[in-house]
Structures are given as C-alpha cells and as structure tokens.
Amino acid sequence: MKNNRSGGVTPGIDMKRIVIKIGSSSLTSMNGEVSRRKLEKLVEEVVRLKDDGHQVLLVSSGAVAAGYRKLGCLTRPDSLSERQAAASIGQGVLIETYSDLFISHGYVASQILITRSDFSDENRYNNARNTINVLLERGIVPIVNENDTITMDFLKFGDNDTLSAKVAGLVDADQLIILSDIDGLYDSDPRKNEDAKLLTKVNEITPEIEAAAGEPGSSVGTGGMKSKIEAVKIAMASGISSFLGKSSTNGIVYDAVYNNAVGTYFEPQEDMEELNQKKQWIAFNSGPEGEVTIKPSAKEAILENHTSLEPSAVYSVNGRFKKGAVVKIFDATGEEIGLGVVNYSSKALDQLINKVDVDLEKYEKAAIESEQLVCHLDTSVLTTV
C-alpha cells in the first residue's frame, strides 16, 4: 500500500486512493449517445469500492457525446466550435447523471473541469491538488474532465489517458485503472494474430512493450493502446500501479482493485526511484520556457551522480526566461536529457558563462539544483508539453 490514510476502512482491507479513467466508448451506446445503463454499471462498482472504504476519483469522457444531439446534430460533430458547444451542454448533462446515480447510493459527486494550463502553472497545480485532496478525504467522488468547452486542440492534454495519469500523480494515487475496449496489452495485435497472448503483468515498459502497443496514428492496438502505454509510463515513474482492462467485463473495476481481474497489471519495480510531487510537476506538467546546453563533463555527473548543474557547466543558453522558469537541458550532441528549474534568468546566466559584467556574489547558487532537476532516464518517458 503506497499511502497510509485514515478513514472508514473495512477491516482487513488496505484503503487505496484509486483513479479510474473511463473513455467515451465505455460510456456510449451504439448510436454514440451516453448510455445510462453503462453509467449505472460503473457507478455501482465505484459504490462497492466506496463501501469498502476506498477513495475514488473518476476521469470521465463523454461530454460531447452527452450534448451533441441536444445541440441539434444528428452525428458527432467534426468542427471544433460545434464540439465545444456540444461539450458545454453535455458537461452539465453528464455530471447531473453521475450525481443522481451516486446520490441514490448515499454518495456525493463533484465536478472538476481543468485545462493543461492549470497543470503547467505550479500554483494552480498545487491548488487543484489541495482541492481534490479535501474532496477525497471528505468522501466525495470527484469527476474530472478536461474543459473541452474552452480548450483549443493545440493546448489539450492530448487525451484522457494522459490526463488520468497526470491526475493520479497529482493526488498521489495508489492505483490507476484505465478502461478500454480490449482485455489488456497483448504481445501483438489480437485482431491480426489469433495466437496473440495477453500480458498479465508488466514491470517495465521496454521497447518490445511499446512495439506491441503500436506507433502513434497506426491501427495497431484497439482503443488507442499507444496512448495508454504512455499514460502507464507516467504513472509508473510516479510510483503508481496501473491496470488496463475491458470496460464491458462484469466487475472489472472492483476486481482490478483486488487483483482478481482479467487484464494487464503494471507494477513499478521495487528498486525504481519514485518522483516526488515537485519532480512530477517538472517532468510531466511544466511548460519549458527556454533551453540550456551543458558541457560534456557535466552530463555524466547529472545522469549518474544526480548532482546539481553548476553555472560553469553550462555551455550556452537559448531563449528568454526569468529566474524560476523551467528549461530543457541538452547535451553537446543536441540530445535532450532532462528538465529543471533554473536559478538565473537567461540574461544573467548568459552573462555568467561568457563572463560579461559578472558580480560573483550574485552567482553563488547552482544553475539548477539537483532537487529541481529531472533526467529523462528517471522517468523513462519524454514529457508532454
């Protein structure tokens, strides 16, 4: 058990904080509208977990599906403005349905609509974390979705798989459950290979695992398997266990929590270093504002010894940024090796490395402290920014 939280826990059961991602295909009927029957099935399983004393948060799609017919569209709209208009209707319809279903079982649901900028700004990120923590600790079921009504495509998280992993890290979850339209991760595409085998337990996302998930934009991997594996990588780097299973399977959510479900369990290796909240924010949510290139001698010290980056180890500065900004770190070959919070503005750092009008008393700090630096080797995944 990752967390030690108090609460009304059923005797003999370790209370978990669980994030469940449910996509549109898991909530909609054959004609593309939200299915109340499917919602009822999901809510009943969440209620069973709540009755056992667990804390549960949902990352739910379905706003556009719930609203496009009421907008007057016969089919799911393609244009951004119509999708956003449909979402503005559907968000209210969806949360009202969730709320009614949970209230009928004695639980309260809340709605949280976020944008990527809420995560890239550290103050807003921490504020969201504090708010959700209060809700979970009071027994509320937060229902999170991206604010599709106002978010532009180029500013989106990418998909709700990614969002769910970032939310799991935000709230320090014990388990992330991703529901799909396939039983889990197979060693090859089960639609093309009848001998494909379900991988029931994965401890490391290897190149072979990524190959089995398919490339972005390919037809390999039903249910967007590539994005799900990227989400799992984020969760594992944060020390969070994950499960991938088929949403239509009876009892899938409840059984997944108790390790009885058919699907793929992703468990971080015991010796894997977990990123703390600060480093999670740097790695997966910050918006880098500039770049620094480091000298060859500094690369090994950072990657192997996890040392701070001293100003003398910086070779060049690219972009304009203020003190406290997040910057990308490149080696001499142009390979991006990490991210960090810089202690100097771009102007001050450039002056220092070029020894122009340098007042040494102003440059006592490291360029980037080790506690504020994340290497991609620590995350096994490039950040999404």
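Residues numbered from 1 in each chain as written. Predicted model: local features only at pLDDT ≥ 70, side-chain atom pairs only at ≥ 80, totals over all residues. Heavy atoms only, no water.

(A) Quick peek at the packing of aromatic side chains. This structure, assessed with the given rule, holds 4 aromatic pairs. With a centroid separation of 6.5 Å and an interplanar angle of 20°, the aromatic rings of Tyr98 and Phe102 are classed as stacked. Here Phe102 and Tyr98 lie together in helix H3 (residues 80-103), a separation of 4 residues that amounts to about one turn. On the basis of relative accessible area, Tyr98 is assigned to the buried category, the value being 0%. A cation sits over an aromatic face here: Arg48 above Tyr254, 3.6 Å from the ring centre. (Phe/Tyr/Trp six-rings, centres within 6.5 Å; stacked < 30°, edge-to-face > 60°. Helix = DSSP H or I, 4+ residues; strand = E, 2+ residues; numbered from the N terminus. Buried < 20%, exposed > 50% of the residue type's maximum accessible area, 1.4 Å probe, protein only. Lys NZ or Arg CZ within 6 Å of the ring centre and 35° of its normal.)

(B) Inspection of the sheet that holds strand E1 (residues 17-22) at higher detail. One open sheet accounts for 8 strands, arranged E3-E4-E2-E1-E5-E7-E8-E6; its pairing is mixed. Here the strands that pair on one side only, and so sit at the sheet edges, are strand E3 (109-114) and strand E6 (201-202). As paired elements, E6 and strand E8 (residues 264-266) share 2 bridges and run parallel to each other. Across the sheet, Lys201 pairs through a bridge with Tyr265, a residue of E8. Against the sheet, helix H5 (residues 122-137) touches E1, strand E2 (55-60), E3 and strand E4 (141-146), its axis set at about 125° to E2. Along the sheet face, helix H6 (residues 160-170) touches E1, E2, E3, E4 and strand E5 (175-180) and points at about 155° away from the line of E2. (Pairing = 2+ DSSP bridges. Contact = heavy atoms within 4.5 Å. Axes fitted to C-alpha atoms, helices over the stretch in contact; angles between N-to-C directions.)

(C) View of the sheet that holds strand E9 (residues 290-294). Sheet architecture is open: 5 strands sit in the order E10-E9-E11-E12-E13, paired in mixed fashion. Looking at which strands have only one partner, the edges of the open sheet turn out to be strand E10 (314-318) and strand E13 (373-375). Sheet twist, expressed as the average angle between the axes of neighbouring strands with direction ignored, equals 25°. Against the sheet, helix H10 (residues 277-284) engages strand E11 (326-330), strand E12 (336-341) and E13, with an angle of about 125° to E12. Sheet contacts for helix H11 (residues 296-305): E9, E12 and E13; angle to E9, the most-contacted strand, approximately 105°.

(D) Region of the structure containing the UniProt feature "binding site: substrate" (unreviewed entry) in the protein. Following the UniProt record, one finds the feature "binding site: substrate" (unreviewed entry) at Ser61, Asp148 and Asn160. Residue position: Ser61 is located in the loop between E2 and helix H2 (63-67). Setting aside chain neighbours within four positions, we find Ser61 in contact with Ile22, Gly23, Ser24, Leu27, Leu94, Asn145 and Asn160. (UniProt positions renumbered as here; feature names shortened; annotations may be inferred.)

(E) The arrangement of the pattern of salt bridges in detail. According to the stated counting rule, one finds 12 salt bridges in the structure shown. Here Lys41 makes a salt bridge to Glu45, at a shortest N to O gap of 3.4 Å. Of this pair, Lys41 and Glu45 both sit in helix H1 (residues 36-51), 4 residues apart, which is roughly one turn of the helix. For Lys41, a relative accessible area of 23% translates into the label partly exposed. For Glu210, the salt bridge goes to Lys233, with nearest N and O atoms at 3.1 Å. Highlighted residues: Glu210 in helix H7 (residues 207-213) and Lys233 in helix H8 (residues 225-237), separated in sequence by 23 residues. Take Lys233: its relative accessible area is 9%, and that puts it in the buried class. One connected set of salt bridges, linked through shared partners, spans Glu210, Lys226, Glu230 and Lys233. (Salt bridge = Lys/Arg side-chain N within 4 Å of Asp/Glu carboxyl O.)

(F) Structural view of the pairing of E5. With 6 of 6 residues buried, E5 is to be regarded as a mostly interior element. Pairing analysis gives 4 bridges linking E1 to E5, with the strands arranged parallel. Looking across to E5, one finds that Ile20 is bridged to Ile177. The pairing of E5 with strand E7 (residues 241-246) spans 6 bridges and is classified as parallel. The partner of Gln175 across the bridge, within E7, is Ser241.

(G) Representation of helix H12 (residues 346-353) within the structure. Within H12, the full set of buried residues consists of Ser346, Ala348, Leu349, Leu352 and Ile353. Buried positions in H12, seen along its axis, are confined to an arc of 165° and lie on one side of it. The inward-facing, buried residues of H12 abut E9 and E10. Phi turns positive one or two residues past the end of H12, at Lys355, with a value near 55°. (Arc of directions from axis to C-beta.)

(H) The arrangement of the environment of Lys295 in detail. Summarising the element assignment, Lys295 is placed in the loop between E9 and H11. Take Lys295: its relative accessible area is 33%, and that puts it in the partly exposed class. Each C-alpha atom of the pair Lys295 and Val314 lies 6.0 Å from the other, and the pair is 19 residues apart in sequence. Here Lys295 is in contact with Ser312, Ala313, Val314 and Tyr315, once residues within four sequence places are set aside.

(I) Molecular detail of the environment of Leu176. Within the element layout of this structure, Leu176 appears in strand E5. According to the relative accessible area criterion, Leu176 is buried, its value standing at 0%. Those residues within four positions of Leu176 in sequence are excluded, and the remaining contacts are Val19, Ser164, Ala165, Ala168, Ala235, Ile240, Ser241, Ser242 and Phe243.

(J) A look at the pairing of E2. In terms of burial, E2 is a largely internal element, 6 of the 6 residues being buried. Of the two faces of E2, the one lined by Gln55, Leu57 and Val59 and the one lined by Val56, Leu58 and Ser60 are each fully buried. Note: E1 against E2, 6 bridges, orientation parallel. Of the residues in E2, the one forming a bridge with Ile20 is Leu58. Bridge count for E2 against E4 is 2 bridges, and the pairing is parallel. Counterpart to Val59 in the pairing with E4 is Val144.

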